[in-house]
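# Analysis of the macromolecular model
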Amino acid sequence: MIYFLAPLAAAVLVIAVATAVLIRRDRRRPEADADTLRIEAAATSGLREARRRAHAYRNRFLREHE
């Protein structure tokens, strides 16, 4: 029975500690102000545009080499 309970207790302890750390970090995170929201929106649109360009380039490259 101890061979089952010891690993189970260790796994539960690891998960509990990880959860506590994540919750504590989230609570310490400052509220987003207008500049932060603007920067995040610009970064998201930039990533979307880069993904779109890479997809278009890949399709063009594949058509040229067929």
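See the structure printed just above.
The notes below deal with the structure included here.

Conventions adopted
- One numbering rule holds for all chains: residues counted from 1, following each sequence as written.
- Per-residue local features are limited, in this predicted model, to residues with pLDDT of at least 70; the limit for side-chain atom pairs, both in listing and counting, is 80 or more; totals at the level of whole chains, interfaces and linings are taken over all residues.
- Think of the side-chain values as coming from all heavy atoms in the structure, minus any hydrogens and water.
- Counting from the N terminus, the helices are DSSP H or I runs at least four residues long and the strands are E runs at least two residues long.
- The rule is simple: take the accessible area with a 1.4 Å probe, protein chains only, and divide by the maximum for that residue type; under 20% is buried, over 50% is exposed, in between is partly exposed.
- The method behind every accessible area is Shrake-Rupley, applied with a 1.4 Å probe, and residues are considered shielded solely by the protein chains displayed.
- His is not counted, nor are the chain ends, whereas Lys and Arg count as positive and Asp and Glu as negative.
- Just so you know, the charge point we use is NZ for Lys, CZ for Arg, CG for Asp and CD for Glu.
- Candidates for patches are residues over 30% relative accessible area with no salt bridge; among them, like charges are joined within 9 Å and nonpolar side chains (Val, Leu, Ile, Met, Phe, Trp, Tyr) within 5 Å.
- By salt bridge we mean one thing: a side-chain nitrogen of Lys or Arg within 4 Å of a carboxyl oxygen of Asp or Glu.

## Notes on the overall build of the protein
Tallying secondary structure elements over the protein gives two helices and zero strands in all. If you line up the protein on its principal axes, its C-alpha atoms span 65 × 45 × 5 Å. The buried share among the 66 residues of the protein stands at 0%. For the protein, the accessible surface area stands at approximately 6600 Å², while carbon and sulfur atoms represent 64% of it. Across the protein, the mean location of the 13 positive side-chain charges is 4 Å away from that of the 8 negative side-chain charges.

## Thoughts on a nonpolar patch on the surface
A cluster of nonpolar side chains, contributed by Met1, Ile2, Tyr3, Phe4, Leu5, Leu8 and Val12, occupies part of the molecular surface with about 860 Å² of accessible area. Mapping Phe4 onto the fold places it in helix H1 (residues 2–28). With a relative accessible area of 55%, Phe4 lands in the exposed category.

## Remarks on the pattern of salt bridges
For the structure on display, the rule yields three salt bridges. We note a salt bridge from Glu49 to Arg52, for which the minimum N-O separation is 2.6 Å. Residue Glu49 and its partner Arg52 are located together in helix H2 (residues 34–64), separated by three residues, close to a single helical turn. Here Glu49 falls in the partly exposed class, since its relative accessible area comes to 29%. With relative accessibility at 48%, the residue Arg52 sits in the partly exposed group. The residue Arg53 makes a salt bridge to Glu49 at a minimum N-O spacing of 3.1 Å. Taken together, the positions of Arg53 and Glu49, both in helix H2 and four residues apart, correspond to about one turn of that helix. Via salt bridges that share partners, Glu49, Arg52 and Arg53 belong to a single interconnected network.

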